[in-house]
Amino acid sequence: AQSVTQLDSHVSVSEGTPVLLRCNYSSSYSPSLFWYVQHPNKGLQLLLKYTSAATLVKGINGFEAEFKKSETSFHLTKPSAHMSDAAEYFCVVSPGANNLFFGTGTRLTVIP
Amino acid sequence: KAGVTQTPRYLIKTRGQQVTLSCSPISGHRSVSWYQQTPGQGLQFLFEYFSETQRNKGNFPGRFSGRQFSNSRSEMNVSTLELGDSALYLCASRSGGNSYNEQFFGPGTRLTVL
């Protein structure tokens, strides 16, 4: 069975401070893992993806995520938050079939 | 290259009616997937079409159906609408059929059922 757990429904950070959005997954197969971002009234945009290459994945806009198989985690980080980072973030697992399993999302608020 | 487009962007229907949503994928993309997004259930996979064939289906009742045309455009149909069908319906396309391929999402169609 496949599932994704985003441990925080809401994260609030000050501008310029680090961002950590946590994600744990469960998959019967070696999964592909993704982080997507959704800005208000917009579709989803891919931030980064892990597909069994390097465990530290760099994405767009300064985001990165580390795949830790022993902890079944794929946390998203950014060294310094920007106001434009305020959005909903989704951790996604693709177990090898052609559908995606989405986490429930983490709303990131950036305080000026 | 134009992105994924969905029409209409907003739709209001009443219970019992049916609705058809349209999705035009990025040029050259052969795979189209549909998702339902609601505050209560989050994002849920509906189905995927690849080269006019439904390749994968989520756990939704038979009232939800879809099809894909030879130009890869896809339509999704919901019959006998229920209040709980109110949601943002997202379409995504990708070039190949591999799960490694990035999915590109459209802006969605917001359906309200009264």
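Conventions adopted
Residues numbered from 1 in each chain as written. Chains lettered and ligands numbered in written order. Predicted model: local features only at pLDDT ≥ 70, side-chain atom pairs only at ≥ 80, totals over all residues. Heavy atoms only, no water. Helix = DSSP H or I, 4+ residues; strand = E, 2+ residues; numbered from the N terminus. Rg over C-alpha atoms; globule rule 2.2 N^0.38 Å. Buried < 20%, exposed > 50% of the residue type's maximum accessible area, 1.4 Å probe, protein only. Contact = heavy atoms within 4.5 Å. Areas by Shrake-Rupley, 256 points an atom, 1.4 Å probe, with all protein chains shown as cover. Lys, Arg positive; Asp, Glu negative; His and termini not counted. Charge placed at Lys NZ, Arg CZ, Asp CG, Glu CD. Salt bridge = Lys/Arg side-chain N within 4 Å of Asp/Glu carboxyl O. Phe/Tyr/Trp six-rings, centres within 6.5 Å; stacked < 30°, edge-to-face > 60°. Disulfide = S-S within 2.5 Å. Pairing = 2+ DSSP bridges. Axes fitted to C-alpha atoms, helices over the stretch in contact; angles between N-to-C directions. Core = buried A, V, L, I, M, F, W, Y, C linked by side-chain atoms within 4.5 Å.

Novice: Residue-level account of the overall build of chain A, with values.
Specialist: For chain A, the helix and strand inventory stands at 0 helices and 12 strands. Secondary structure elements of chain A, listed N to C terminal, follow the sequence β-β-β-β-β-β-β-β-β-β-β-β. The C-alpha atoms of chain A give 13 Å as radius of gyration, which agrees with the globular expectation for 112 residues (13 Å, within 12%). Projecting the C-alpha coordinates of chain A onto the three principal axes gives extents of approximately 40 × 30 × 20 Å. Here chain A, with 112 residues, has 46% of them falling under the buried criterion. Once local pairs closer than 6 in sequence are excluded, the contacts in chain A between residues at least 24 apart make up 55%. For chain A, the exposed surface amounts to about 5,200 Å²; the carbon and sulfur share of it is 52%. Taking the 8 positively charged and 7 negatively charged side chains of chain A as two groups, their mean positions are separated by 6 Å.

Novice: Would you mind going over the pattern of salt bridges in detail, with residue names and values included?
Specialist: Residues and elements named next belong to chain B. Tallied over the full model, the rule gives 10 salt bridges over all chains. Two residues, Arg55 and Glu48, come together in a salt bridge whose shortest N-O distance is 2.9 Å. Overall, Glu48 belongs to the buried group, its relative accessible area being 0%. Between Glu48 and Arg94 there is a salt bridge, and its shortest N-O distance comes to 3.4 Å.

Novice: I'd like a description of the packing of aromatic side chains, backed by residues and values.
Specialist: Counted under the stated rule, the structure contains 14 aromatic pairs over all chains. Aromatic side chains Tyr25(A) and Phe67(A) sit 5.8 Å apart centroid to centroid with 25° between the ring planes, which places their arrangement in the stacked category. Here Tyr25(A), found in strand 4 (residues 23-26), pairs with Phe67(A), found in strand 8 (residues 64-68); they are 42 residues apart in sequence, far enough to count as distant. Here Tyr25(A) falls in the buried class, since its relative accessible area comes to 9%. Pairing Phe60(B) with Phe64(B) gives two aromatic rings, centres 5.2 Å apart and planes at 65°, and the pair type is edge-to-face. A residue is classified by how much of its surface remains accessible, and Phe60(B), at 13% relative accessible area, is buried.

Novice: Could you give an account of the state of the cysteines, naming the residues involved and the relevant values?
Specialist: Residues and elements named next belong to chain B. Under the defined criterion, the tally for this structure stands at 2 disulfides over all chains. Note that Cys23 is cross-linked by a disulfide to Cys91, the S-S spacing being 1.7 Å. Judged by the sign of its S-S torsion, about -50°, the cystine formed by Cys23 and Cys91 is left-handed. Linking Cys23 in strand 3 (residues 19-24) with Cys91 in strand 9 (residues 87-94), this pair joins segments that are 68 residues apart in sequence.

Novice: For the sheet that holds strand 7 (residues 64-68) of chain B, give the residues involved together with the corresponding values.
Specialist: All names here are of chain B. Taking strand neighbours across the sheet as the criterion, the 4 strands line up as 1-3-8-7 in an open arrangement whose pairing is antiparallel. The open sheet terminates on both sides in strands that have one partner only, identified here as strand 1 (5-7) and strand 7. Averaged over neighbouring strand pairs, the angle between their axes works out to 20° when direction is ignored. Bridge analysis of strand 3 against strand 8 (residues 74-78) gives 5 bridges, and the strand direction is antiparallel. Within strand 8, the residue paired with Val19 across the bridge is Val78.

Novice: So what's going on with the pairing of strand 8 of chain B? Residues and values would help.
Specialist: All names here are of chain B. Burial of strand 8 is extensive: 5 of the 5 residues sit out of reach of the surface. The sheet contact formed by strand 7 and strand 8 spans 5 bridges and is antiparallel. Looking at the pairing, Gln68 lines up with Ser74 of strand 8. As consecutive antiparallel partners, strand 7 and strand 8 are separated by 5 residues, and within that stretch Ser72 has a phi angle of approximately 75°, a positive value.

Novice: Which residues make up the nonpolar core, and what values go with them?
Specialist: The biggest cluster of nonpolar side chains holds 26 residues, and the ones touching the most others in it are Trp35(A), Leu48(A), Phe74(A), Leu76(A) and Tyr89(A). Of all the elements, strand 10 (residues 87-94) of chain A adds the most residues to this core, at 4 residues. Val4(B), Val19(B), Phe47(B) and Leu81(B) belong to the second largest nonpolar core, which has 21 residues in total.

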